[in-house]
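# A structural walkthrough
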Amino acid sequence: QFYKAYSDETESDAELAEQRKNDLVMYLAHDLKTPLSSVIGYLTLLDEKQISGELRERYLSICLDKAERLEDLINEFLKSHGLTFQTLRLYTERSI
């Protein structure tokens, strides 16, 4: 009877752990998708040729803010799981 009780408890713990993992993935996906959708939206608007320089600068600023928020979320997640990213350098090219 001890084995059955231990087995049921272990199974219950595994189910709880699986549910927590699924919840974490769901929340993480939502938290990452929201600023990412904003970045995509503003970059799409920036692709339009007939927007003012002032509006272009505003959209770029918003994109940068959202991208930095994404970076913070990812770093927070990794830190909470004892992981870190090494500093990455991004090199960009502008084409006209």
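Data block above holds the structure.
Everything in this summary refers to the structure shown in the same document. Everything numeric here is computed off the predicted structure, so don't read it as measured data. (Residues numbered from 1 in each chain as written. Predicted model: local features only at pLDDT ≥ 70, side-chain atom pairs only at ≥ 80, totals over all residues. Heavy atoms only, no water.)

Regarding its fold elements, the protein presents two helices and zero strands. Evaluated residue by residue, the protein yields a buried proportion of 10% over its 96 residues. Relative to all contacts within the protein whose residues are 6 or more apart in sequence, the contacts with residues 24 or more apart total 52%. Approximately 8,900 Å² of the protein is accessible, and the part contributed by carbon and sulfur atoms is 55%. (Helix = DSSP H or I, 4+ residues; strand = E, 2+ residues; numbered from the N terminus. Buried < 20%, exposed > 50% of the residue type's maximum accessible area, 1.4 Å probe, protein only. Contact = heavy atoms within 4.5 Å. Areas by Shrake-Rupley, 256 points an atom, 1.4 Å probe, with all protein chains shown as cover.)

Taken as a whole, this structure holds one aromatic pair when the rule is applied. Aromatic side chains Y42 and Y59 sit 5.2 Å apart centroid to centroid with 55° between the ring planes, which places their arrangement in the tilted category. Taken together, the residues Y42 in helix α1 (residues 2–46) and Y59 in helix α2 (residues 53–80) connect sequence positions 17 residues apart. Relative accessible area serves as the criterion here: at 25%, Y42 is assigned to the partly exposed category. (Phe/Tyr/Trp six-rings, centres within 6.5 Å; stacked < 30°, edge-to-face > 60°.)

Among the surface-exposed residues, D31, D65, E68, E71, D72 and E76 lie close enough to one another that they form a single negatively charged patch. For the negative patch, the element with the most residues is α2, which contributes five residues. Counting through the fold element by element, E68 comes out in helix α2. (Patch = residues over 30% accessible without salt bridge, like charges linked within 9 Å, V, L, I, M, F, W, Y side chains within 5 Å. Salt bridge = Lys/Arg side-chain N within 4 Å of Asp/Glu carboxyl O. Lys, Arg positive; Asp, Glu negative; His and termini not counted. Charge placed at Lys NZ, Arg CZ, Asp CG, Glu CD.)

A word on the environment of R69. Here R69 shows up in helix α2. Sequence-wise, R69 and L36 are 33 residues apart; in three dimensions their C-alpha atoms are separated by 9.3 Å.

Because an α-helix packs 3.6 residues into every turn, residues spaced three or four apart end up facing the same way. Taking 1.5 Å per residue, 28 residues should reach 40 Å; α2 reaches 40 Å between its end C-alpha atoms and fits that length. For α2, the complete set of buried residues consists of Y59, I62, C63, L70, L73 and L78. Of the residues one or two after α2, G82 is the one with positive phi, at around 75°. (Expected span 1.5 Å × (residues − 1).)

Right, let's talk about the environment of P35 for a bit. Along the chain, P35 falls in helix α1. The residues touching P35, leaving out its near neighbours within four places in the chain, are K66, R69, L70 and L73.

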